[in-house]
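# Structure assessment
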Amino acid sequence: MPYTANERRYEAMQYARCGKSGLKLPRVSLGLWHNFGSCDAFDNMRAMLRAAFDCGITHIDMANNYGPVPGAAEENFGRVFEKDLRPYRDELVLSSKAGYTMWPGPYGDFGSRKYLLASLDQSLKRTGLEYFDIFYSHRMDPETPLEETMGALASAVQQGKALYAGISNYDGETTARAAAILKELHCPFIINQSRYSIFDRTIEKNGLKAYAAAHGVGVIAFSPLAQGLLTDKYLHGVPADSRIKKSGVFLKESALTPERLAQIAALNELAAARGQTLAQMALSWVLKDSGVTSVLIGASRPQQIVENAAIVNAAPFTQQELDEIERIAAVR
């Protein structure tokens, strides 16, 4: 049956300007890191993407290596795009990244010009897109000169294969250097994508959040639920369908220490008092100030997307609630 988007989708979402650019992102974006691989159900992927757009989530984030197998998430997105979303292309912000291993040999990962531009062409082919709205360097490269990596991003924009440049997993100091290079190249650099959650404050410690706020660079946060720890999923044991049981790559059962479970339980109680699930409160916390433009959610079913998109209507945190979150998070 042909898909027609919810006519009231833009009433359900809030949007924020990405740094000093003219681009606005939904406060909640959808990432395809998990559950869009070759072993996942296509009908569920399709339903999740429809649910996201119907909630006003206009930004869909991918990477060349998302799967499994690497490339599968882009291919599956491309299938859904062709079936459902192509008529809405100009209403969507579609992004992809390159930086992690994609093929064997010396040219298949990190930040060389050869790898980034070859990977970009492959990603466009897999998705069936003519261009990405944002194309990222996915990680810092300790060996390739930063000028080369940033020059490749600038070429992607100049060639019309991307509208904006982004970087991911770059610390504050390297972000500042990258921004200076891209400014010289007249390349529109607008965003850094980094891990951030109640349990992971790295961007507060490495200078990124402060630099971005001071210089008008957008920040989009991934893993805001700490790979599922910041949900009620593990309060009563490890479910058979959980990420720990299914893969155990990014989250291991050893992370569920008694101390961590006590933190999760305490945060869950605080969320309930606010009228939110723990996942909703964790997402709201990431967006508590203007330092973060958008939060990237993952999902395994459409209803999760609907529930998490609803955080844009949540009450702001009181100072007492923020202090309590800090107290709980500090206990280890």
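Shown above is the structure to which this text applies.
Along each chain, the written sequence defines residue order, and numbers are assigned to residues from 1. Given that this is a predicted model, residues contribute local features only at a pLDDT of at least 70 and side-chain atom pairs are listed and counted only at 80 or more, while totals for whole chains, interfaces and linings are drawn from all residues. Side-chain figures throughout are based on the complete set of non-hydrogen atoms in the structure, without hydrogens or water.

### A look at unusual backbone geometry
In this chain, Gly-67 is followed by Pro-68 through a cis amide linkage whose omega measures -5°. Numbering of helices and strands starts at the N terminus; helices are DSSP runs of H or I of at least 4 residues and strands are runs of E of at least 2. Residue placement: Pro-68 occurs in the loop between strand 4 (59-61) and helix 2 (72-85). The omega torsion of the bond from Pro-68 to Val-69 falls at -10°, within 30 degrees of zero and hence cis. Positive phi is not limited to glycine here, since Asn-169 has a value of about 65°. Within the element layout of this structure, Asn-169 appears in the loop between strand 7 (162-168) and helix 5 (172-184). In this structure, Ala-226 takes a positive phi of about 50° despite not being glycine. Residue placement: Ala-226 occurs in the loop between strand 9 (218-222) and helix 8 (243-246).

### Observations concerning the packing of aromatic side chains
Aromatic pairs are defined between Phe, Tyr and Trp rings, using the six-membered ring for Trp, whenever the two ring centres lie within 6.5 Å; interplanar angles under 30 degrees are classed as stacked, those over 60 as edge-to-face, and all others as tilted. Applying the stated rule across the entire model yields 8 aromatic pairs. Over the face of the ring belonging to Tyr-131 we find Arg-89, whose NZ or CZ atom lies 4.1 Å from the ring centre. Comment: the charge-over-ring label is applied if NZ (Lys) or CZ (Arg) is within 6 Å of the ring centre and within 35 degrees of the ring normal. Its end group placed over the ring of Phe-110, Arg-139 keeps NZ or CZ at 3.7 Å from the ring centre.

### Here we look at the packing of helix 1 (residues 42-54) against helix 2
Interaxial distance between helix 1 and helix 2 falls to 10 Å at its minimum, and their mutual angle equals 60°. Overall, the two elements helix 1 and helix 2 adopt an arrangement that is oblique. Along this stretch, helix 1 crosses helix 2, giving a crossing that reads as right-handed. On helix 2, the residues touching Phe-42, Met-45, Arg-46, Leu-49, Arg-50 and Phe-53 of helix 1 are Asn-76, Phe-77, Arg-79, Val-80, Lys-83, Asp-84 and Leu-85. Just so you know the grouping, Ala, Val, Leu, Ile, Met, Phe, Trp, Tyr, Cys and Pro go in nonpolar, Asp, Glu, Lys and Arg go in charged, and all remaining residues, Gly too, go in polar. Classifying every residue of the contact of helix 1 with helix 2 gives 7 nonpolar, 1 polar and 5 charged. Think of each axis as a best-fit line through the C-alpha atoms, taken over the contacting stretch in the case of a helix, with angles from 0 to 180 degrees between the N-to-C directions. In this scheme, roughly parallel covers angles under 35 degrees and roughly antiparallel covers those over 145, while 65 to 115 is roughly perpendicular and the rest are oblique. Working rule for handedness: look at the near helix, and if it is turned counterclockwise from the far one by less than a right angle, call the crossing left-handed; if clockwise, right-handed. Every residue pair with non-hydrogen atoms within 4.5 Å of one another is taken to be in contact.

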